[in-house]
Amino acid sequence: QNMLEELLIHKPDDPIQYMINHLKQNNDDAPRICVLGPPASGKTTVALWLCKHLDAIRISQETLLCKEILALTKEAKAYKERKQKIPNALWANLIRERLSNVDCIKQGWILEGFPENQEQAWMLQSSGIIPRHVVVLYAPDTVLIERNSGKRLDPFTEEVYHTTFDWPSDPLVQQRLVKPEDLSEQETSKKLLEYHRNFPEVFQIYQKNLKSINADQPCMDVLSQVLTYVQTRHRSAAPFTPRILFCGPPGSGKSLQAALIAQKYGVVNVCCGQLLKEAVAGKTKLGELVKPYMDNGYPVPDKLVMEILAERLNALDCMTSGWVLYGFPRDIEQGEQLQKSHTSPN
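Residues numbered from 1 in each chain as written. Predicted model: local features only at pLDDT ≥ 70, side-chain atom pairs only at ≥ 80, totals over all residues. Heavy atoms only, no water.

## Observations concerning the nonpolar core
Item 1. Formed by 28 residues in total, the largest nonpolar core has its most connected members in I95 and L111.
Item 2. Counting residues per element, the ones that place at least two in this core are strand 1 (32-36), strand 2 (57-59), helix 4 (61-66), helix 6 (88-99), strand 3 (109-112), helix 8 (118-126), strand 4 (133-138) and helix 11 (185-206).
Item 3. It is helix 6 that provides the largest number of residues to this core, a total of five residues.
Item 4. Setting aside chain neighbours within four positions, we find L111 in contact with I33, C34, V35, I59, I95 and L124.
Item 5. Within the second largest apolar cluster, 21 residues are counted, among which are V270, L275, L286 and L325. (Core = buried A, V, L, I, M, F, W, Y, C linked by side-chain atoms within 4.5 Å. Buried < 20%, exposed > 50% of the residue type's maximum accessible area, 1.4 Å probe, protein only. Helix = DSSP H or I, 4+ residues; strand = E, 2+ residues; numbered from the N terminus. Contact = heavy atoms within 4.5 Å.)

## Considering the domain arrangement of the protein
Item 1. Examined at the domain level, the protein breaks down into domain 1 (31-231) and domain 2 (243-341).
Item 2. The gap between the C-alpha centroids of domain 1 and domain 2 is 50 Å. (Domains from an automatic or database assignment.)

## Structural notes on the pattern of salt bridges
Item 1. A complete count under the given rule lists five salt bridges for this structure.
Item 2. As a salt-bridge pair, K85 and E194 come within 3.9 Å of each other at their nearest N and O atoms. With K85 in the loop between helix 5 (73-81) and helix 6 and E194 in helix 11, this residue pair connects regions lying 109 residues apart in the sequence.
Item 3. The exposure class of K85 is exposed, given its relative accessible area of 61%.
Item 4. For K291, the salt bridge identified is with D295, shortest N-O distance 2.8 Å. On the criterion of helical spacing, the pair formed by K291 and D295 is a turn pair, its members being four residues apart in helix 15 (residues 285-295). (Salt bridge = Lys/Arg side-chain N within 4 Å of Asp/Glu carboxyl O.)

## Description of the side chain of S127
Item 1. Mapping S127 onto the fold places it in the loop between helix 8 and strand 4.
Item 2. In this structure S127 comes out as buried when scored by relative accessible area, which is 14%.
Item 3. Within polar-contact distance, the side chain of S127 engages the backbone oxygen of M123 at 2.9 Å. (Polar contact = N/O pair within 3.5 Å; in protein donor to acceptor, adjacent residues only side chain to side chain.)

## Quick word on helix 15
Item 1. Among the residues of helix 15, L286, G287 and V290 are the ones counted as buried. Viewed end-on, helix 15 has its buried residues packed into an arc of 85 degrees, placing them on one side of the element. Along helix 15, exposed side chains directed more than 90 degrees from the buried face belong to K285 and D295.
Item 2. Residues of helix 15 that are buried in the fold lie against helix 14 (272-281) and helix 16 (302-313).
Item 3. Just downstream of helix 15, G297 is the residue with a positive phi angle, here 75 degrees. (Arc of directions from axis to C-beta.)

## A few points about the environment of L286
Item 1. Among the structural elements, L286 can be located in helix 15.
Item 2. Taking the C-alpha atoms as reference points, L286 and V305, separated by 19 residues in sequence, lie 9.1 Å from one another.
Item 3. Sequence-distant contacts of L286, defined by excluding residues within four places in its chain, comprise L304, E307, I308 and E311.

## Thoughts on the pairing of strand 10 (residues 323-326)
Item 1. Side-chain alternation along strand 10 places W323 and L325 on one buried face and V324 and Y326 on a second face that is also buried.
Item 2. As defined by bridge partners, strand 8 (residues 243-246) adjoins strand 10 across four bridges and the pair is classed as parallel. Bridging across to strand 10, F246 finds its partner in Y326.
Item 3. Two strands pair when backbone bridges link them, and strand 9 (residues 268-271) and strand 10 are joined in this way by four bridges, in the parallel orientation. Within strand 10, the position partnered with V270 by the bridge is L325. (Pairing = 2+ DSSP bridges.)

## Considerations on the sheet that holds strand 10
Item 1. The three strands are arranged 8-10-9 in an open sheet whose pairing can be described as parallel. Only two strands of the sheet have a single partner each, and these edge strands are strand 8 and strand 9. On average, adjacent strands in this sheet sit at an angle of 20 degrees to one another, irrespective of strand direction.
Item 2. Here helix 13 (residues 254-265) sits on the sheet in contact with strand 8, strand 9 and strand 10, set at roughly 175 degrees to strand 10.
Item 3. Strand contacts of helix 16: strand 9 and strand 10, with the helix running at about 175 degrees to strand 9, the strand carrying the most contacts. (Axes fitted to C-alpha atoms, helices over the stretch in contact; angles between N-to-C directions.)

## Structural notes on unusual backbone geometry
Item 1. The residue after F114, namely P115, is reached through a cis peptide bond having omega 10 degrees.
Item 2. With respect to the helices and strands, P115 occurs in the loop between strand 3 and helix 8.
Item 3. Here F328 and P329 are connected by a cis peptide whose omega angle stands at 0 degrees.
Item 4. Position of P329 relative to the elements: it lies in the loop between strand 10 and helix 18 (332-340).
Item 5. Backbone geometry at K83 places phi at a positive 60 degrees, although glycine is not the residue there.
Item 6. Summarising the element assignment, K83 is placed in the loop between helix 5 and helix 6.
Item 7. With a phi angle near 50 degrees, K283 is a residue other than glycine that sits in the positive phi range.
Item 8. Tracing the sequence through the fold places K283 in the loop between helix 14 and helix 15.

Next up, the structure:
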């Protein structure tokens, strides 16, 4: 699906070679995440934490201007030195250039605080930069203004601390903390106003892969919710045949849940134990091999069970409608056999 999206966006002259190169990169699972939110909502903290956890590359306006040596960095810095607003097109080109580097392609990226408005979002999309997950942090404006007044930065690690809520225990870190520019309540209120004016349009563009997370709660709760979300896979728009497996100890309700799922979604309900009984009762070739084991109360060999199961799961009704299975596998060996077969659950 990612390869098809890239083909439609870039329209290469040689699509076959383009697909070969895409497969060689082997980076479809690399994170592509945007972390958005108003000032002081915790974007930097979340982005740094995700980078450490996912081994991805963090890209922010600060890193692009201060740490990177890109072709357009000098031009962007000139705007900043003149205290002029950097144009949206220049930001988009800077990001596109940085994300085309090998480390971002291989390891994935966390884009912090960008896009800020609809035009920037459209420019990223037209460049083929489409995040898989968009995290939006939110909190009441009063909380954000209070947070911003106590905000302190560690210029060495780029980590963000707070004089009240998150003060470092290390005296060396305490000494090197600096107060960011534009921390006045008036300046923060102005930035919040601009954010609230621009963000609804950004929300519309990314609404299918966006999750809003309340930043006005303990830091670890926020990070846990963010990580849970960015590790989910979005459902493909391709036709989907469900192959569902229920596991659990005796009495946990596998058979009931399987029956309810089968009834609700029209999939085939497959009970492994029932299959073996049906094979014996039907006097099939495999059933005859199974019968002595069942008559004497011995466990049926995995190979026989797998053959009967594979035959049922490859039947036309299971192939077209999908299935829900319980009673198998019961151990690691059976699980590995199911995984190796062409009937593994999805």
